[in-house]
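Observations on the three-dimensional arrangement
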Amino acid sequence: MAPSDRITLYRTLKTFEEKGLVHSIEDGTGATKYALCEEDCDGHNHHDLHVHFYCNTCKETFCLPNTQIPDISLPINFFVRK
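Residues numbered from 1 in each chain as written. Predicted model: local features only at pLDDT ≥ 70, side-chain atom pairs only at ≥ 80, totals over all residues. Heavy atoms only, no water.

Below, the discussion takes up the overall build of the protein. For the protein, the count of helices and strands is one helix and four strands. Tracing the protein from N to C terminus, the helices and strands come up as α-β-β-β-β. The buried share among the 82 residues of the protein stands at 16%. Restricting to contacts in the protein with at least 6 residues of sequence separation, those with at least 24 account for 22%. (Helix = DSSP H or I, 4+ residues; strand = E, 2+ residues; numbered from the N terminus. Buried < 20%, exposed > 50% of the residue type's maximum accessible area, 1.4 Å probe, protein only. Contact = heavy atoms within 4.5 Å.)

Moving on, we get to the pattern of salt bridges. With the rule as written, the count across this model stands at one salt bridge. One salt bridge connects Glu17 with Lys14, and the closest N-O pair in it is separated by 3.0 Å. Taken as a pair, Glu17 and Lys14 lie in helix H1 (residues 3-18) at a separation of three residues, close to a single helical turn. Since its relative accessible area comes to 14%, Glu17 is described here as buried. Lys14 gets classed as partly exposed once you look at its relative accessible area, which sits at 29%. (Salt bridge = Lys/Arg side-chain N within 4 Å of Asp/Glu carboxyl O.)

Another point: a nonpolar patch on the surface. A contiguous nonpolar surface patch, about 450 Å² in accessible area, is contributed by Ile72, Leu74, Phe78 and Val80. Along the polypeptide, Phe78 turns up in the segment after strand S4 (61-64). (Patch = residues over 30% accessible without salt bridge, like charges linked within 9 Å, V, L, I, M, F, W, Y side chains within 5 Å. Areas by Shrake-Rupley, 256 points an atom, 1.4 Å probe, with all protein chains shown as cover.)

A few words now on the state of the cysteines. A full pass over the atoms with the stated rule returns zero disulfides. Free cysteine Cys55: the closest other cysteine sulfur is in Cys58, separated by 3.6 Å. (Disulfide = S-S within 2.5 Å.)

Pairing of strand S3 (residues 51-54) with S4 involves four bridges; the strand directions are antiparallel. Residue His52 lies in a different strand from S4, and its bridge partner there is Cys63. (Pairing = 2+ DSSP bridges.)

Once that is clear, we can look at the environment of Phe16. Relative to the helices and strands, Phe16 is located in helix H1. Taking the C-alpha atoms as reference points, Phe16 and Cys37, 21 residues apart in sequence, are found 9.8 Å from one another.

Right, dumping it as structure tokens:
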């Protein structure tokens, strides 16, 4: 893939993310992944917050939308950033 093709692809993905069509996933591999958003997402609020699973065997990242995210008690003066 030529460098200009990668830049075009990156800009297209960022536009899709801004419009609420996809959301980015940081799975710890150093490469950003993207997944389709739910219908009620928009460019400022993604309503499809869910767990992602990275498989060390097949090197794939999977969305687990039906897995409950547990409530976590944070120490005083710490907060969750979404």
